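Structural description and commentary
This is what each chain is made of:
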Amino acid sequence: MGNTEKSFGTKIIIVMLTFVIIFCISGTVYCRDKRLSRSGELSYRAQEQEYERELRALLEEKGYSNSGVMMNSITQADGARSYIITIHHKKIEALDNMEKSALAAQCQDIKVLMENCSVSFQ
């Protein structure tokens, strides 16, 4: 009976140690994924800030200094992002549709990050 109890106790300890090891491994993998997604997020933020600086410089060059710029990002399930840029300026409101379209095209041509980007004016 004593030998069977020792064998049973050993099996329980082995099962518990196995669960602890699995838990530690999954925690390490989760932490690494979280760290990678955080660095990716920081990269997107840096690119967004660079785009906004370039956009503001373009608008100032065109005579639209102190424009209100609002950037909304939409993150898809696969991690891809698309952007909607809204620009507010009184002089831009006075432009006709063709001039607004030309300015929007110039804003979209800034080659910092924006693959999926639309520009609107309000």
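Look above for the structure.
In this report, the structure presented in the accompanying data block is examined. Since the structure is predicted, the reported quantities are computational estimates derived from the model, not experimental observations. (Residues numbered from 1 in each chain as written. Predicted model: local features only at pLDDT ≥ 70, side-chain atom pairs only at ≥ 80, totals over all residues. Heavy atoms only, no water.)

1. Concerning the environment of alanine 80
The condition is simple: Counting from the N terminus, the helices are DSSP H or I runs at least four residues long and the strands are E runs at least two residues long. Contacts are residue-level and defined by heavy atoms, with any inter-residue pair within 4.5 Å sufficient.
With respect to the helices and strands, the residue alanine 80 is situated in the loop between β1 (68-75) and β2 (81-88). The contact partners of alanine 80, leaving out residues within four places of it in the chain, are Ile74 and Thr75.

2. Description of a nonpolar patch on the surface
Put simply, the test is: Here, patches come from residues exposed beyond 30% relative accessible area and free of salt bridges, joined within 9 Å for like charges and within 5 Å for nonpolar side chains (Val, Leu, Ile, Met, Phe, Trp, Tyr). The method behind every accessible area is Shrake-Rupley, applied with a 1.4 Å probe, and residues are considered shielded solely by the protein chains displayed. Here, a salt bridge means any side-chain nitrogen of Lys or Arg that lies within 4 Å of a carboxyl oxygen of Asp or Glu. Think of it in three bands: residues with accessible area under 20% of the maximum for their type are buried, residues over 50% are exposed, and the middle band is partly exposed, with areas taken using a 1.4 Å probe on protein chains only.
The grouping of Phe8, Ile12 and Met16 at the surface amounts to a nonpolar patch, some 320 Å² of accessible area in total. With relative accessibility at 52%, the residue methionine 16 sits in the exposed group.

3. With respect to helix α3 (residues 97-108)
Stated precisely, the cut-off is as follows: Each residue after the first adds 1.5 Å to the expected span of a helix. It is the directions from the helix axis to the C-beta atoms whose arc is reported. Within 3.5 Å is the distance limit for a polar contact, defined as a pair of N or O atoms, with the added protein rule that one can donate a hydrogen and the other accept it, and that residues adjacent in sequence qualify only through two side-chain atoms.
With twelve residues, α3 extends 16 Å from end C-alpha to end C-alpha; this agrees with the ideal 16 Å at 1.5 Å per step. The set of residues buried in α3 consists of Leu103, Ala104 and Cys107. The buried residues of α3 occupy an angular sector of 105° when the element is viewed end-on, so they sit on one face. Sitting at the head of α3, aspartate 96 places a side-chain oxygen 3.1 Å from the backbone nitrogen of methionine 98.

4. Side note on the pairing of β1
The criterion, for reference: Any two strands with at least two DSSP-identified bridges between them are counted as paired.
Taken together, the eight bridges between β1 and β2 define a ladder with antiparallel strand orientation. When the bridges of β2 are listed, asparagine 72 appears paired with isoleucine 84. Hairpin connection of β1 to β2: five residues between the antiparallel strands, including glycine 79 at a positive phi of 95°.

Read these as layout, nothing more, since geometry by itself doesn't imply function.
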